[in-house]
Amino acid sequence: MLVKKVCMVGPFAVGKTSLVKRFVESIFSDKYHTTIGVKVSKKKVELAQESMQMMLWDIEGVDVFTELKSSYLRGASGVMLVIDGTRPTTIRQLNELLSLVRSYLQETPVVILANKFDLTNEWKLSQDDATKLRENGLTLIETSAKTGAGVEEAFAALAQAMLRECDSKTAE
Amino acid sequence: MSKVLQDLIKQLGIVVFRLADDQTLESVSSYPEWLIHLSKAADSPISVDDTFLSFDQIGHSFPFLSNFLIDAELFWSNEREHDKTDSGVWTEVDALGQEYQLEARALFAENEKILLIENVSQNFEERHLVYQKARDMALLNEKLISELNFRQRKLQSDIERHLSLRNPIDELNRTVESNTSAVLVCLPDGDVELYNKALINIYEIGNDQKIVRASMLDKWIAEAEHNHPEIHRILKSGSYWEGEFETFDADNNQKWIRLSIGPVKNDAGEICHFVCVANDLSDFRKVSDDWGNISDYDFNTHLPNRRQFWKHISQTCESGQKSDEVIALMYVDLDYFKHINDQHGQFAGDFLLGTMASRLSRNIKHGDYIAHLGGDEFVILLRYIKEPEDLVAVGERLLVTVSEPINLDGTPIRVSASIGIATTEISQTDPHSLLRNADLAMYSAKELGRGQVRLYTEELERNPPKRSQREHELLVAIEKQQFVLEFQPQVCMQESRGKRVEALVRWQHPEHGLLSPAEFVGIAEESGSIVPIGDWVLMSACVSGKLLVDSGDSTCVAVNISAKQLSHPEFYNKLTNVLRKSGFPATHLEIEITESSFLSDMDKAIDVLHRVRALGIQVALDDFGSGFSSLNYLKRLPVDYIKIDRSFIHDLPDDNESRAITTSVIHLAHQLNMKVIAEGVENKQQLEFLREHDVDFVQGFYYFKPMPLAKLTSLKSENW
Ligand SMILES: Nc1nc2c(ncn2[C@@H]2O[C@H](COP(=O)(O)OP(=O)(O)OP(=O)(O)O)[C@@H](O)[C@H]2O)c(=O)[nH]1
Ligand SMILES: [Mg+2]
């Protein structure tokens, strides 16, 4: 079975832990319990071709005290870059984080998750911005860890991308 | 190992391994409960007797560790650059869902390579609480700030829009009166037109006291200037200002407010109202003061903000009171940031700021300090300077990194910055004047054409550069149509191919008289007003051309088109519109472009020119030889005429280089089926040289000076 390391990266409180909980255990809590350091969870996904064991690295959020540690990213086959679609500050951090991730992992597939999509009234990520990101060739998926919307799709999309990357490497 | 030590290790909740050989660890203490317990939960149980564990085995039980073991190996093989390396905390969960926090460390002991794993769950609670509180706070702050900003900006722009549409001011009363933001609207001469209860509340002004401008706007400016010395300059230039500062109420109680001041202009471009909106942030600051750091950083760029900058520079100065060390402050301001923000949207604007922040930070040396003052303004405090002249080189290096292309909306664009530098001895430093001086130097860099580095000198105080005055006057000139056209004939050297003139714009300045393009086109290019001026020139030239055609004088009119006009997405439509409206035949119009039109996007410029020529319009390449010209690229360009730059003509026929360039340009142009125009021809010798080398047209004082249309029509047509 393929084993792949996936890093959950993003500003603090965007829902990285909640997304992992939703995906792995199908549960959600409204309470915010901030992550310090890292927690690794496993989840097996069945793809059309084969099955894959995802090692999900839920990494502490980035804030003024905490920067993204490059050593956590090492060996990752995929990255979920999570922002909170209701918080402009996290939307603004996206590009910086993306280039940071890219500087360590050039070819690794990255999927951007705009989380908390259930909070439609507070949604701040404009259609324009979303379109722009997609036009730039990025995969952006609106998710809600609360309702589960988009979550399975997002992980499936990353799994597929990792598989493609893996195939193209073997082909070389 | 001694029993005592074994017991101690156990009590401390740690496991100690030594590297036995490649990829294998040997435990030197017995395993604690938690390790066995956790390994079971991970479906790869470690038993008490497993003294030797391979890296793989450990990785199965604790996937996090397989990553850290790579760091550990590096550390062990690296002959101890540091004395240890640690993994940071990670969390494991047992079968019951109980969380354990662990931390691993690689080190050396008695030349043995040691891996130590510690269960830090006990102290974790406290540490977690600190982070949790800080992040909860930061979340709340974020929410408050964003709501407050949103409301303040909306109110500000609603009022400004209302006033700029010339609506009566009393219609604002209802919106403003009940608003929780303080509002003050006043005339530029000082009379207060409108204020509300919230303003009275912040300042606890008694009912009997009237608010007049002198007691409010001037007070604000005086208070703000302490931390924001640039406020005077910004307001004077008629721009919007926003910032936070300390203010004092009637009883001298200290408060923090966020104030925005927006000038509203009339049709003539003069300021007719100041709209000020303020919010009391005192309570908010009190809370965030408890969490020091949170409000010291800019949310977007993650750099220290203005507030942190003041703390830092004050501390630096205090600690250096007895030193003669020289420090320097660099004020970096991006050029045309507002324009980019307007054009590409706020998201792109913030992205740009974030990128610039990281580029700047990456390019300063260790020990220097960078802060984001707000908007598009950054400051860098430089220490340990050897030669003040080096600073300019540092500044220039920063300009280079800033101007690397950046991808906005999928298109790579380049931005430039203006940098001002002020230096002082640390013991002499008054942070406020240091910032003010650096700001003044930056401003002079802007005035002198942007994209440059300027050092502060006292001369700048006495003679600040005058550009912005001009920029403003130009706006008025556009409104009041203070431009006129003159026409300079181009004389044909061979058998006549018809008459040609170049239309040249003049500015009829109310005080300084008739100004030539050299005196204002540069400023117009930079401020963007070249586009409306150029539009006017194009239209007037075509209208004049049509008059000539109607009077039976079939003259070809050449019009200068700036790079900005040509790259404007609407250029082609504008051009066809002008032709339609003026009725001037396209075949009689020629556009003169310069090499700079091809600088940013050559393919796009070429594409536009092809479409323009398809209309029958001719194209001339102006000032050829003065820019980045290479004769090689000439053949790619869809042009009909080449105009040799006047600087080469000036030195004819004596200067070898000018002679060589002129003759080869003529030769090459003819090979490419282009005609050559020599401009700036002033004497017979020049003319003869050019005639001898088959130039097609000449233009210059030797034949004709530029003249008004009336004079042109009365010209006898023998000579051209
Ligand atoms: N409404 C809504 N709330 C969510 C969603 N996802 C997460 N949250 C809430 O947002 C808060 C933060 O969620 P976490 O999953 O802890 O965020 P995190 O990114 O792991 O945060 P750090 O570990 O501190 O970096 C919690 O209160 C969650 O309940 C979502 O999709 N919708
Ligand atoms: Mg988390």
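All values derive from a computational prediction rather than experimental measurement. (Residues numbered from 1 in each chain as written. Chains lettered and ligands numbered in written order. Predicted model: local features only at pLDDT ≥ 70, side-chain atom pairs only at ≥ 80, totals over all residues. Heavy atoms only, no water.)

*Asks:* Before we move on, could you go through the overall build of chain B and cite the residues and values that matter?
*Replies:* Secondary structure assignment for chain B yields 26 helices and 27 strands. With 720 residues in all, chain B has 50% of them scored as buried. Put simply, chain B shows about 34,700 Å² of open surface, and 49% of that area lies on carbon and sulfur atoms. (Helix = DSSP H or I, 4+ residues; strand = E, 2+ residues; numbered from the N terminus. Buried < 20%, exposed > 50% of the residue type's maximum accessible area, 1.4 Å probe, protein only. Areas by Shrake-Rupley, 256 points an atom, 1.4 Å probe, with all protein chains shown as cover.)

*Asks:* Kindly report on the pairing of strand E7 (residues 182–186) of chain B, identifying the contributing residues and their values.
*Replies:* The two faces of the sheet receive side chains in turn, since in a regular strand these alternate between them. Residues and elements named next belong to chain B. In terms of residue burial, E7 counts as a mostly covered element, since 5 of its 5 residues are buried. Across the two faces of E7 the burial is the same, with Ala182, Leu184 and Cys186 and Val183 and Val185 all buried. Bridge count for E7 against strand E11 (residues 271–280) is 5 bridges, and the pairing is antiparallel. Directly across from Val183, in E11, lies its bridge partner Val277. Pairing of E7 with strand E8 (residues 192–195) involves 3 bridges; the strand directions are antiparallel. (Pairing = 2+ DSSP bridges.)

*Asks:* Could you give an account of empty space enclosed by the protein, with specific residues and numbers?
*Replies:* Residue and element names in this part refer to chain B. According to the stated counting rule, one finds 2 cavities of 30 Å³ or more in the structure shown. Of the pockets and cavities examined, the second largest cavity occupies roughly 30 Å³. Every residue along the wall of the second largest cavity is listed here: Phe17, Leu35, Ile46, Leu53, Ile58, Phe62 and Ile117. Here the lining of the second largest cavity is built from residues that sort into 7 nonpolar, no polar and no charged. (1 Å grid on protein atoms, 1.4 Å probe; cavity = no way out; pocket = protein on both sides within 12 Å on 5 of 7 lines; lining within 4 Å. Points joined across faces, edges and corners; volume = space filled by probe spheres on them. Nonpolar A, V, L, I, M, F, W, Y, C, P; charged D, E, K, R; others polar.)

*Asks:* For the packing of helix H19 (residues 530–550) of chain B against helix H21 (residues 571–582) of chain B, give the residues involved together with the corresponding values.
*Replies:* Residue and element names in this part refer to chain B. Running from N to C, H19 and H21 point in directions that differ by 35°, and their axes come no closer than 9 Å. For H19 against H21, the interelement crossing comes out right-handed. On H21, the residues touching Val531, Asp535, Leu538, Met539, Cys542, Val543 and Lys546 of H19 are Lys574, Leu575, Val578, Lys581 and Ser582. (Axes fitted to C-alpha atoms, helices over the stretch in contact; angles between N-to-C directions. Left-handed = near helix turned anticlockwise from the far one by under 90°. Contact = heavy atoms within 4.5 Å.)

*Asks:* Describe the confidence of the model for chain B, listing the residues and the values that go with them.
*Replies:* Residue and element names in this part refer to chain B. Averaged over every residue, the pLDDT of chain B is 84; residues scoring 70 or more account for 91%. When the elements of chain B are averaged for pLDDT, helix H10 (residues 282–290) gives the smallest value, 64, and strand E14 (residues 377–382) the largest, 94. If you check the scores for this complex, the pTM reads 0.54 and the ipTM reads 0.93. (pLDDT = per-residue confidence, 0-100.)

*Asks:* Got a sec to walk through the interface of chain B and chain A? Specific residues and values, please.
*Replies:* At the junction of the two partners, chain B supplies 39 residues and chain A supplies 34 residues. Summed over both sides, the interface between chain B and chain A buries roughly 3,400 Å², with carbon and sulfur atoms accounting for 58% of that surface. In this structure, the connection of chain B to chain A is made through 3 salt bridges. In this structure, Glu99 of chain B and Lys39 of chain A form a salt bridge, with 3.3 Å as the shortest nitrogen-oxygen distance. One can count 13 residue pairs in polar contact (both at pLDDT 80 or more) joining chain B with chain A. Of all the elements in the fold, those that place two or more residues in the side of chain B that touches chain A are helix H4 (63–77), strand E4 (84–93), helix H5 (121–164) and helix H13 (346–362) of chain B. (Buried area = accessible area lost by both parts, 1.4 Å probe. Salt bridge = Lys/Arg side-chain N within 4 Å of Asp/Glu carboxyl O. Polar contact = N/O pair within 3.5 Å; in protein donor to acceptor, adjacent residues only side chain to side chain.)

*Asks:* So what's going on with the sheet that holds strand E5 (residues 99–109) of chain B? Residues and values would help.
*Replies:* Within a sheet, each strand pairs with its neighbour through backbone hydrogen bonds, oriented either parallel or antiparallel. Taken together, 12 strands build an open sheet; the order of strands is E6(A)-E5(A)-E4(A)-E1(A)-E3(A)-E2(A)-E4(B)-E5(B)-E6(B)-E1(B)-E2(B)-E3(B) and the sheet is mixed. On the outer flanks of this sheet lie strand E6 (139–142) of chain A together with strand E3 (52–54) of chain B, each paired with one strand and no other. Neighbour-to-neighbour, the strand axes of the sheet open up by a mean angle of 30°, direction not taken into account. Here strand E4 (residues 78–84) of chain A pairs with strand E5 (residues 110–115) of chain A via 6 bridges, running parallel. Directly across from Val82 of chain A, in E5 of chain A, lies its bridge partner Leu113 of chain A.

*Asks:* Describe in detail the side chain of His509 of chain B, supporting the description with residues and values.
*Replies:* Residue and element names in this part refer to chain B. With respect to the helices and strands, His509 occurs in strand E20 (residues 499–509). Side-chain polar atoms of His509 contact the backbone nitrogen of His512, separated by 3.0 Å. The contact partners of His509, leaving out residues within four places of it in the chain, are Glu473 and Leu515.

*Asks:* Report on a negative patch on the surface, specifying residues and quantitative values.
*Replies:* Taken together, the side chains of Asp651, Asp654, Asp655 and Glu657 of chain B make up a negatively charged region of the molecular surface. Here Asp651 of chain B is to be found in the loop between helix H23 (646–650) and helix H24 (656–671). (Patch = residues over 30% accessible without salt bridge, like charges linked within 9 Å, V, L, I, M, F, W, Y side chains within 5 Å. Lys, Arg positive; Asp, Glu negative; His and termini not counted. Charge placed at Lys NZ, Arg CZ, Asp CG, Glu CD.)

*Asks:* With reference to specific residues and values, describe the nonpolar core.
*Replies:* Core analysis: the largest hydrophobic core is formed by 71 residues, its most contacted members being Leu589, Ile591, Ile593, Phe598, Leu621, Ile642 and Val698 of chain B. The leading source of residues in this core is H19 of chain B, at 8 residues. Ranked by size, the runner-up nonpolar core spans 58 residues in total, among them Leu68 and Val101 of chain A together with Leu19 and Ile36 of chain B. (Core = buried A, V, L, I, M, F, W, Y, C linked by side-chain atoms within 4.5 Å.)

*Asks:* Any details on the coordination of the magnesium ion (ligand 2)? Residues and values, ideally.
*Replies:* All names here are of chain A. Bound to the magnesium ion (ligand 2) are the protein donor atoms Thr17 (OG1) and Thr35 (OG1), situated 1.9 to 2.0 Å from the metal. Taken together, the residues Thr17 in helix H1 (residues 16–25) and Thr35 in the loop between H1 and strand E2 (38–46) connect sequence positions 18 residues apart. Assessed through its relative accessible area of 26%, Thr17 is described here as partly exposed. The exposure class assigned to Thr35 is buried, which follows from its relative accessible area of 15%. (Donors = N, O, S within 2.8 Å, 3.2 Å for Na, K, Ca; no water.)

*Asks:* Requested: an account of the layout of surface pockets, with residues and values cited.
*Replies:* The volume enclosed by the second largest pocket comes to roughly 1,400 Å³. Mapped onto the lining of the second largest pocket, the elements with two or more residues apiece are helix H3 (88–104) and helix H4 (127–135) of chain A together with H13, strand E13 (369–374) and strand E15 (406–408) of chain B. For the lining of the second largest pocket, a count of residues per class yields 22 nonpolar, 14 polar and 10 charged.

*Asks:* Requested: an account of the site of ligand 1, with residues and values cited.
*Replies:* All names here are of chain A. Around ligand 1 lies a shell of 23 residues, among which Lys16, Ser18, Tyr32, Thr34 and Asp118 are the nearest. Between ligand 1 and Lys16, the relevant distance is 2.7 Å, taken from an oxygen atom to a side-chain nitrogen or oxygen of the residue. Here an oxygen atom of ligand 1 sits 2.5 Å away from a polar atom, N or O, in the side chain of Ser18. Considering ligand 1 on its own, with 650 Å² of exposed area, one finds that the protein chains cover 94% of that surface. The element contributing the most residues to the shell around ligand 1 is H1, with 3 residues. (Near = heavy atom within 4 Å.)

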